[in-house]
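Structure at a glance
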There are 2 protein chains.
Amino acid sequence: MQLYNYFRSSASFRVRIALALKGLDYEYVPVHLVRNEQLAPPFSDMTPARLVPLLKDGDATLVQSLAIIEYLDETHPEPPLLPADPLARARVRALALDVACEIHPLNNLRVLRYLTRELKVEESAKDAWYRHWVEDGLAAVEAQLTNHAATGRFCHGERPTVADICLVPQVFNAQRMNCRLDHVPTVMRIVEACMALDAFARAQPSACPDAA
Amino acid sequence: MQLYNYFRSSASFRVRIALALKGLDYEYVPVHLVRNEQLAPPFSDMTPARLVPLLKDGDATLVQSLAIIEYLDETHPEPPLLPADPLARARVRALALDVACEIHPLNNLRVLRYLTRELKVEESAKDAWYRHWVEDGLAAVEAQLTNHAATGRFCHGERPTVADICLVPQVFNAQRMNCRLDHVPTVMRIVEACMALDAFARAQPSACPDAA
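Rules used in this analysis
Along each chain, numbering runs from 1 in the same order as the chain's sequence is written. Chains and ligands are labelled sequentially in the order written, the chains with letters from A and the ligands with numbers from 1. Residue-level local features of this predicted model are given only where pLDDT is at least 70; pairs of side-chain atoms are given and counted only at 80 or more, and the full residue set underlies all totals for whole chains, interfaces and linings. One requirement defines pairing of two strands: DSSP has to find at least two bridges between them. Helix and strand labels come from DSSP, where a helix needs a run of H or I of at least four residues and a strand needs a run of E of at least two; each type is numbered from the N terminus. Angles here are taken between N-to-C directions and fall from 0 to 180 degrees, while the axes themselves are lines fitted to C-alpha atoms, restricted in helices to the stretch in contact. Residues below a pLDDT of 70 in either copy are left out; the C-alpha atoms of the rest, at least 70 in both, set the least-squares superposition of the copies. Our contact criterion uses C-beta atoms placed from the backbone: two residues qualify when those atoms are within 7 Å. Handedness of a crossover: with both strands directed away from the viewer, a clockwise path from the first strand across the helix to the second marks it as right-handed. Think of it as three bins: nonpolar holds Ala, Val, Leu, Ile, Met, Phe, Trp, Tyr, Cys and Pro, charged holds Asp, Glu, Lys and Arg, and polar takes everything else, Gly as well. An automatic or database domain assignment supplies the residue ranges for each domain.

Residues and elements named next belong to chain A. Pairing within the open sheet is mixed, and its four strands lie in the order 2-1-3-4. Single-partner strands in this sheet number two, and they are strand 2 (27-30) and strand 4 (60-63). Neighbouring strand axes in the sheet, compared pairwise and without regard to direction, differ in orientation by 20 degrees on average. Across four bridges, the pairing between strand 3 (residues 54-57) and strand 4 is antiparallel. Bridging across to strand 4, Leu54 finds its partner in Val63.

This part takes up the relation of the copies chain B and chain A. Once chain B is rotated about the relating axis by 180 degrees and shifted along it by 0.0 Å, it coincides with chain A to within an RMSD of 0.0 Å. With respect to symmetry, the two chain copies, as superposed, fit the operation of a two-fold axis. Distance from the rotation axis, computed per C-alpha, reaches its smallest value in chain B at Cys101 of chain B: 2.5 Å. Comparing interface residues between copies, 100% of those in chain B also sit at the interface in chain A, which points to an isologous, same-surface contact.

All right, on to the pairing of strand 1 (residues 2-5) of chain A then. All names here are of chain A. With four bridges connecting them, strand 1 and strand 2 associate as parallel partners. Each bridged residue has a counterpart across the sheet, and for Leu3 the counterpart in strand 2 is Tyr28. In this fold, the crossover linking strand 1 to strand 2 by way of helix 1 (residues 10-22) has right-handed handedness. As judged from the three bridges shared by strand 1 and strand 3, these two strands associate in the antiparallel manner. Bridge assignment links Tyr4 to a residue of strand 3, and that residue is Leu54.

Time to look at the interface of chain B and chain A. If you look at the interface, chain B gives 34 residues, while chain A gives 34 residues. Elements with a minimum of two residues in the side of chain B that touches chain A: strand 4 (60-63), helix 3 (65-75), helix 4 (86-100) and helix 6 (123-146) of chain B. No other element matches the nine residues that helix 4 of chain B contributes to the side of chain B that touches chain A. Of the residues assigned to the side of chain B that touches chain A, the class counts are 24 nonpolar, four polar and six charged.

Residue and element names in this part refer to chain A. Considered domain by domain, chain A is made up of domain 1 (2-79) and domain 2 (86-200). A C-alpha centroid distance of 20 Å is found between domain 1 and domain 2. The interface of domain 1 with domain 2 comprises eleven residues on the first partner and 16 residues on the second. Secondary structure elements with two or more residues in the side of domain 1 that touches domain 2: helix 1 and helix 3 (65-75). Examining the composition of the side of domain 1 that touches domain 2, we find that seven residues originate from one element, helix 1, more than from any other. Of the residues contributing to the side of domain 1 that touches domain 2, the split by class is nine nonpolar, one polar and one charged.

Residue and element names in this part refer to chain B. Spatially, 2-1-3-4 is the arrangement adopted by the four strands of the open sheet, whose pairing is mixed. Unpaired on one side and paired on the other, strand 2 (27-30) and strand 4 mark the two borders of the sheet. Neighbour-to-neighbour, the strand axes of the sheet open up by a mean angle of 20 degrees, direction not taken into account. The strands touched by helix 1 (residues 10-22) within the sheet are strand 1 (2-5) and strand 3 (54-57), with strand 1 carrying the most contacts at an inclination of about 155 degrees.

Here is the structure:
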């Protein structure tokens, strides 16, 4: 397998964690987003959406981090990244989507560029936008975690799931952008538990070959 | 089951389609987003994220449209909303996420409100923002559909999947906001095929009890 990705892309980080938890080897192919390498061949020829991460598995091309992670979980079931019970699976997927649909899309590089270039938003207002969606979004995740008996050492029970896989990269972004995090102690406790695991530590941006 | 939702919410529309395709009866509980009913009790007591749709199934509370749809598919397998093969499932999920993560989050009511209230963006620039993400995002979906042999009468083959379930509500929003759609003929052909099905037609906003 080859993973086309960028060290700082949090959707890429998710897939790196999943591959590491599954113990799967892969070739790391960097695609530099700030240099717009995703918009030009050879990468743009591989995927019309021109987004990282992209996973090549033999002849197959897979895109969208959550779809890739579900695929890895279906094709390499151990260790599972989702619980077995349908209600528990729904809870874990909902937590993952709370990050993937409610926080992350608003703070993508191309969205921040649109704010600056098209809407002429000043740097300070752009930073406030970033922090607003992260701080608000993580507060909603925190409330879901503290309100539910299934929250354990990780978002759901005693082993990492796709919810943790989405949460950790989002918190990394939050820290890089100096977001407030003292209002989400459960989130931070879980992130710490995740980062104590080798799979999460090895997948983090600073451990990537394309890190500055 | 009770579905807490809003006729015009496209994430709500997705779940209504899934319930209709599965032939499941449910009580329709309207939550008026423009009147901010989602932010106050009794709804806000049910979910810290304060987002529709929310599905009550017995004692269980489910949130996030895609997590709800996967739950319905796992607990009521017929007719399936995902293909059986892992690669095909990944393709369908990726198409769904192309809508749910790359288009829809940028045009949520609360995001549009932030543009107006916090960033003081003018109406015309806000409309341009809306159209930009829809038109660009649907172009990426179109390219994925035209580039792949598995595209059929629907996004994947000859019966509707979660990809169609996400696509149709997004196109409804696009039409309501006068977005350009002549660049996505395959998308429009598929939406037409979907709307010819009773399940999609019954789930559409204008058929909802809370429609104006």
